[in-house]
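# Analysis of the macromolecular model
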Amino acid sequence: GFPGDLAGRRVLVSAGPTREYLDPVRFLSNPSSGRMGYAVAEAARDRGAEVVLVSGPTALPAPAGVHFEAVETAEEMLGALLKHFAWSELLVMSAAVADWRAAHPKGEKEAKSGERQTLELVRTPDILETLAARRRNQVLVGFAMETHAGVARAADKARRKGLAFICLNYPTREGTAFGGSENEVTLVTQAGDAEPLPRMPKRELADRILDRAKPLLPPPTP
Ligand code: C5P
């Protein structure tokens, strides 16, 4: 990638975790730092793209020069992405969306009582699948974290979610994925073609992802 090679392209990025509330002060979430998605948003911006970043709660400052929307729950993230999806040409879905939410969230903070408690959970919406069903000619890129059978499972996800490719990472590799400033991923297509990339800073990886998506974008509208 070089400065300006994505001039005017419309890039939608999701980042960070979601929070699924059990009551007003407790939630289910995960340790996503948001750094991968913010790096994609910043890389696209620096290459001239118009960027919308939809982010779950992170410790990172909103990047300058990017339209930024903060959300908390998977439902809110879906709503924010739906607002911008038709506008977008490329969606990079790097958010770590929680898979489950409370079936009956409490409206008040409940005092603890007893020694045991059960919690009924229901699935959150699959955001990528929902957006893929509304896809016109947008290019979709996802992420997958697998502990085993990575490439086969990732290719299956790419097919199910209509993705151009999916960035597969392993939570067990030291210093990658959640939280770190570097990441090591394998790019996997629907056909199961796998291109392992070396470990590199998330910003560099962001540029590699954009390089890979760029030739798939629809021709620019004059
Ligand atoms: O199925 P899995 O959660 O492993 O798929 C990961 C990909 O799907 C990621 O790109 C993630 O952002 C996206 N995802 C989603 N909605 C969900 C769960 C995951 O869009 N509810």
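Residues numbered from 1 in each chain as written. Predicted model: local features only at pLDDT ≥ 70, side-chain atom pairs only at ≥ 80, totals over all residues. Heavy atoms only, no water.

Another point: the site of the ligand. Around the ligand lies a shell formed by M93, A95, V97, T124, P125, D126, I127, L128, G142, F143, K157 and K161. Contact distances for the ligand include 2.9 Å between a nitrogen atom and a backbone N or O atom of I127. Within the side chain of K157, a nitrogen or oxygen atom sits 2.3 Å from an oxygen atom of the ligand. Here the ligand loses 87% of its free accessible area of 450 Å² to cover by the protein chains. Taken together, the elements giving at least two residues each to the shell around the ligand come down to α3 (127-132) and β9 (139-145). Residues of the shell around the ligand, tallied by class, amount to 7 nonpolar, 2 polar and 3 charged. (Near = heavy atom within 4 Å. Polar contact = N/O pair within 3.5 Å; in protein donor to acceptor, adjacent residues only side chain to side chain. Areas by Shrake-Rupley, 256 points an atom, 1.4 Å probe, with all protein chains shown as cover. Helix = DSSP H or I, 4+ residues; strand = E, 2+ residues; numbered from the N terminus. Nonpolar A, V, L, I, M, F, W, Y, C, P; charged D, E, K, R; others polar.)

This part covers the nonpolar core. Soluble, globular proteins show a tendency: their nonpolar side chains are buried together. Core analysis: the biggest nonpolar cluster contains 31 residues, and V51 and L90 have the highest contact counts within it. Broken down by element, the residue count for this core peaks at 7 residues, all from helix α1 (residues 35-46). Beyond its immediate stretch of four places on either side in the chain, L90 contacts R10, V11, L12, V139, V141, L210, A213 and L217. The next biggest cluster of nonpolar side chains, apart from the first, holds 25 residues, and it includes V54, V71, A95 and L128. (Core = buried A, V, L, I, M, F, W, Y, C linked by side-chain atoms within 4.5 Å. Buried < 20%, exposed > 50% of the residue type's maximum accessible area, 1.4 Å probe, protein only. Contact = heavy atoms within 4.5 Å.)

Positionally, R9 belongs in the segment before β1 (10-15). Under the relative-accessibility criterion, R9 is labelled buried at 11%. A distance of 2.4 Å separates a polar side-chain atom of R9 from the backbone oxygen of P218.

In this section: the UniProt feature "binding site: CTP" (unreviewed entry) in the protein. As recorded in UniProt, the sites labelled "binding site: CTP" (unreviewed entry) are D99, K109, P125, D126, I127, L128, F143, K157 and K161. Taken together, the annotated residues stretch across 63 residues and extend over separate regions, lying up to 37.4 Å apart by C-alpha. Mapped onto the fold, D99 is located in the loop between β6 (90-93) and β7 (100-102). The topology assignment puts D126 in the loop between β8 (121-123) and α3. (UniProt positions renumbered as here; feature names shortened; annotations may be inferred.)

Attention now goes to the environment of R159. Residue position: R159 is located in helix α4 (residues 150-160). By relative accessible area, which is 46% here, R159 ends up partly exposed. Among the polar contacts listed, one links the side chain of R159 to the backbone oxygen of Q190, at a separation of 2.5 Å.

Before going further, it helps to spend a moment on helix α5 (residues 202-213). Note that an α-helix has 3.6 residues per turn; residues three or four places apart therefore point the same way. A rise of 1.5 Å per residue sets the reference length of α5, with its 12 residues, at 16 Å; its end C-alpha atoms lie 16 Å apart and thus fit the reference within 8%. For α5, the set of buried residues is K202, L205, A206, I209, L210 and A213. Projected down its long axis, α5 carries its buried residues within an arc of 140°, all on one side. Elements in contact with the buried residues of α5: α1, β6, β9, β10 (165-169), β11 (182-183) and β14 (200-201). (Expected span 1.5 Å × (residues − 1). Arc of directions from axis to C-beta.)

Evaluated as defined, the whole model comprises 2 aromatic pairs. Residues Y21 and F27 carry aromatic rings whose centres are separated by 5.5 Å and whose planes lie at 70° to one another, so their mutual orientation is edge-to-face. Overall, Y21 belongs to the partly exposed group, its relative accessible area being 25%. Geometrically, the ring pair formed by Y38 and F68 is edge-to-face, given 6.2 Å between the ring centres and 65° between the ring planes. Of this pair, Y38 sits in helix α1 while F68 is found in strand β5 (residues 67-70), placing the two residues 30 residues apart along the sequence. The buried category is assigned to Y38, whose relative accessible area is 4%. (Phe/Tyr/Trp six-rings, centres within 6.5 Å; stacked < 30°, edge-to-face > 60°.)

So, about the pattern of salt bridges. Under the definition given, this model contains 19 salt bridges. When the shortest N-O distance is used, the salt bridge between R9 and E89 registers 2.9 Å. Here R9 is found in the segment before β1, whereas its partner E89 is found in the loop between α2 (74-85) and β6, with 80 residues between them in sequence. Of the charged contacts in the structure, one is a salt bridge between E72 and R19, with a shortest N-O distance of 3.4 Å. Residue E72 is located in the loop between β5 and α2, and its partner R19 is located in the loop between β1 and β2 (20-23); the two are separated by 53 residues in the primary sequence. The class for E72 is partly exposed, based on a relative accessible area of 28%. (Salt bridge = Lys/Arg side-chain N within 4 Å of Asp/Glu carboxyl O.)

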